[in-house]
Amino acid sequence: MFGFLKKNKTGRLNETLYAVATGNLVPISEVNDPVFSKKMMGDGFAIIPSKKEIYSPIEGKILSVFQTKHAVGLKMDNGLEILLHMGIDTVELNGTPFDIKVSEGMKVTKHTLIANVDIEQIAMAGKPVDMVVVITNMDALKQFDLVKTGSVIAGDEIGVAQAQMTL
């Protein structure tokens, strides 16, 4: 009658994860930062980019853009929350290498340009350029499968993040 108790017909709510950049994709365990590699913030992956364009890793919406522009919070339609952290220890750069193209509340797809990042400036500052994608609300995660590593092109399907089913 009202439809709010009906389940999605496909049973899947945009669970696909996409490459945020063209470059080399590695599991999060290979990121050269213990907070990420030991999965203290959650599970995920990283891409060492070869191009400056950074795209959305999901279909969903923007929850927040950090004041220092080094990170963006996103939310998948299935409820999983994603952190896109651009570079390691880049909060110290006060936003200078990041030209953010999104704002809070925007709907995004794999084709949405999140930022242009000056990866040379990050490297010149002695910081790793890893673009880290983390599922931060792990208690809501049922299953995460990274199905592709190595060379990727921005927008490639690289994994699936399935949320716990809640009523």
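The chain is annotated in an unreviewed UniProt entry as PTS EIIA type-1 domain-containing protein from Candidatus Enterococcus mansonii.

**Student:** Help me get a handle on the sheet that holds strand β14 (residues 157-163), residues and values and all.
**Tutor:** Within a beta sheet, neighbouring strands are joined by backbone hydrogen bonds and run either parallel or antiparallel to one another. Spatially, β1-β14-β12 is the arrangement adopted by the three strands of the open sheet, whose pairing is antiparallel. Since the sheet does not close on itself, it has two edges, and those belong to β1 (16-18) and β12 (141-146), each with one partner. Neighbour-to-neighbour, the strand axes of this sheet turn through a mean angle of 25°, independent of strand direction. Sheet analysis places β1 next to β14, joined by three bridges and oriented antiparallel. Paired with L17 across the two strands is G159, which belongs to β14.

**Student:** Can you explain the nonpolar core? Please cite residues and give values.
**Tutor:** Counting residues in each nonpolar core, the largest one holds 37 residues, and the members touching the most others are L74, M86 and V117. Listed in part, the 10 residues of the second largest apolar core include A71, I88, V132 and V134.

**Student:** Tell me about the pairing of strand β3 (residues 43-49), and please be specific about residues and values.
**Tutor:** Burial runs high along β3: six of the seven residues are buried. One ladder, built from five bridges, connects strand β2 (residues 23-27) with β3; its direction is antiparallel. Paired with L25 across the bridge in β3 is I47. Sheet topology note: the β3/strand β11 (residues 131-135) ladder contains five bridges and is antiparallel. Of the residues in β11, the one forming a bridge with G44 is V134.

Criteria and cut-off values
Every residue gets a number counted from 1 within its own chain, in the order that chain's sequence is written. Under the rules for a predicted model, residues below a pLDDT of 70 receive no local features and side-chain atom pairs below 80 are neither given nor counted, while totals for whole chains, interfaces and linings still include all residues. Hydrogens and water molecules were not included; the side-chain quantities draw on all heavy atoms of the structure. A strand pair is defined by DSSP finding two or more bridges across the two strands. Secondary structure is summarised from DSSP: a helix means a run of H or I of at least four residues, a strand means a run of E of at least two, and numbering begins at the N terminus for each. For helices, the fitted axis covers only the stretch in contact; all axes are lines through C-alpha atoms, and the angles between them, taken along N-to-C directions, range from 0 to 180 degrees. Buried Ala, Val, Leu, Ile, Met, Phe, Trp, Tyr and Cys residues form a nonpolar core when they are joined through side-chain atoms within 4.5 Å. Think of it in three bands: residues with accessible area under 20% of the maximum for their type are buried, residues over 50% are exposed, and the middle band is partly exposed, with areas taken using a 1.4 Å probe on protein chains only.

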